[in-house]
Amino acid sequence: MEFPSTDMLLFLLAAGFIAAFIDSVVGGGGLIAVPALLLTGLSPSMVLGTNKLGGTLASITSTLSFLFSGKINGKLTLALFPLSFIGAMLGTYTVHLVPSAFLRPLVVCMLVLLLIYTLMRKNWGALTSPRPMTPTIKLATALCAFALGFYDGFFGPGTGSFLLFLFLLLGFDFVGASGNAKVLNLASNIASLLAFWLLGSVHFGYGLPMGIAMIAGALVGSRLAIRHGASYVKPLFIAVTTLLIGKQLYDLFSSIL
């Protein structure tokens, strides 16, 4: 198992900490972790698999942090966890059969709509006001959990934002939505990691050191979110979603020009 040089190790530790700090609250850590891993010279498929290793370790940490703080609806997330897991497994398998780049324009549009909706609703997510879980809402939530799991395994960018938005729609405040979203993100991360590992696309020499830093970043990020509430989570959510839109637009136009 090849390990990085000292300079590269320090770089990966710093990138991993920052990526997980952001990802533990609103997702989007891949904006930092994936480019950092690409600089190591790993192949794109190896980068994605190695990123899932660190992302899984970070997701476990932030999920436990939110869980012990009472911010997770155990009954709801336990029901949705396997749907997200199965969806992500299917998505990761499908990406080896069908190119995923065609999704980028649709994802940009959806992120823009999500951002506009959040900005227009000034006090949205400040307080918890749970929706009645009617059969229709239960079915819609289950389908969303499966679809977002599939999306995370198939393409990925913006998954954290979409999951957080889903729980906001269910009436959770920003902190509760963030905590519950991490559970489903954990399910899709585990599924994708397993698939990448079976395909031989995980570099443990790079992934484990980065993953350790991501554990620390996830712990600090989630604790700050729990302590400071919506006043901290909402601006970070808006900032990361805006960056995601910019990154996807850049990639879209780069592929056209």
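S.K.: Kindly report on the packing of aromatic side chains, identifying the contributing residues and their values.
M.R.: Scanning the entire structure with this criterion turns up four aromatic pairs. Taking 5.9 Å as the distance between ring centres and 75° as the angle between the ring planes, the aromatic pair formed by tyrosine 151 and phenylalanine 162 counts as edge-to-face. Residue tyrosine 151 is found in helix H6 (residues 135-154), and its partner phenylalanine 162 is found in helix H7 (residues 159-169); the two are separated by eleven residues along the sequence. When its relative accessible area of 10% is taken as the criterion, tyrosine 151 is described as buried.

S.K.: Go over helix H8 (residues 174-198) with me, naming the residues and quoting the values.
M.R.: Along an α-helix, residues three or four positions apart point the same way, because every turn accommodates 3.6 residues. In a regular helix each residue adds 1.5 Å, so 25 residues correspond to 36 Å; H8 covers 36 Å between its end C-alpha atoms and thus fits that length. Among the 25 residues in H8, 21 count as buried, and that is most of the element. The N-terminus of H8 is capped by aspartate 173, whose side-chain oxygen sits 3.3 Å from the backbone nitrogen of valine 175. Glycine 200 sits one or two positions beyond H8 and adopts a positive phi of about 70°.

S.K.: Please set out empty space enclosed by the protein residue by residue, giving values where relevant.
M.R.: Here the structure, examined in full by the defined rule, presents one cavity of 30 Å³ or more. Of the volumes computed, that of the largest cavity is approximately 50 Å³. Taken together, Asp23, Val25, Val26, Gly27, Gly160, Leu163, Leu164, Ser178, Ala181, Lys182 and Asn185 make up the full set of residues lining the largest cavity. Within the residue set of the lining of the largest cavity, elements represented by two or more residues are helix H1 (6-26), H7 and H8. No other element matches H8, which puts four residues into the lining of the largest cavity. Residues that form the lining of the largest cavity fall into these classes: five nonpolar, four polar and two charged.

S.K.: How would you explain the pattern of salt bridges if you had to name every residue and give the values?
M.R.: Note that side chains of opposite charge can pair when their charged atoms are close. Applying the stated criterion across every chain, the model contains three salt bridges. One salt bridge connects aspartate 152 with lysine 52, and the closest N-O pair in it is separated by 3.5 Å. Here the residue aspartate 152 occupies a position in helix H6, and lysine 52 occupies one in helix H3 (residues 44-68), the gap between them amounting to 100 residues. For lysine 52, a relative accessible area of 12% corresponds to the buried category. Residue aspartate 251 is joined to lysine 247 by a salt bridge in which the shortest nitrogen-to-oxygen separation is 2.6 Å. Taken together, the residues span about one helical turn, with aspartate 251 and lysine 247 both in helix H10 (residues 230-256) at a distance of four residues.

Definitions and cut-offs
Residues numbered from 1 in each chain as written. Predicted model: local features only at pLDDT ≥ 70, side-chain atom pairs only at ≥ 80, totals over all residues. Heavy atoms only, no water. Phe/Tyr/Trp six-rings, centres within 6.5 Å; stacked < 30°, edge-to-face > 60°. Helix = DSSP H or I, 4+ residues; strand = E, 2+ residues; numbered from the N terminus. Buried < 20%, exposed > 50% of the residue type's maximum accessible area, 1.4 Å probe, protein only. Expected span 1.5 Å × (residues − 1). Polar contact = N/O pair within 3.5 Å; in protein donor to acceptor, adjacent residues only side chain to side chain. 1 Å grid on protein atoms, 1.4 Å probe; cavity = no way out; pocket = protein on both sides within 12 Å on 5 of 7 lines; lining within 4 Å. Points joined across faces, edges and corners; volume = space filled by probe spheres on them. Nonpolar A, V, L, I, M, F, W, Y, C, P; charged D, E, K, R; others polar. Salt bridge = Lys/Arg side-chain N within 4 Å of Asp/Glu carboxyl O.

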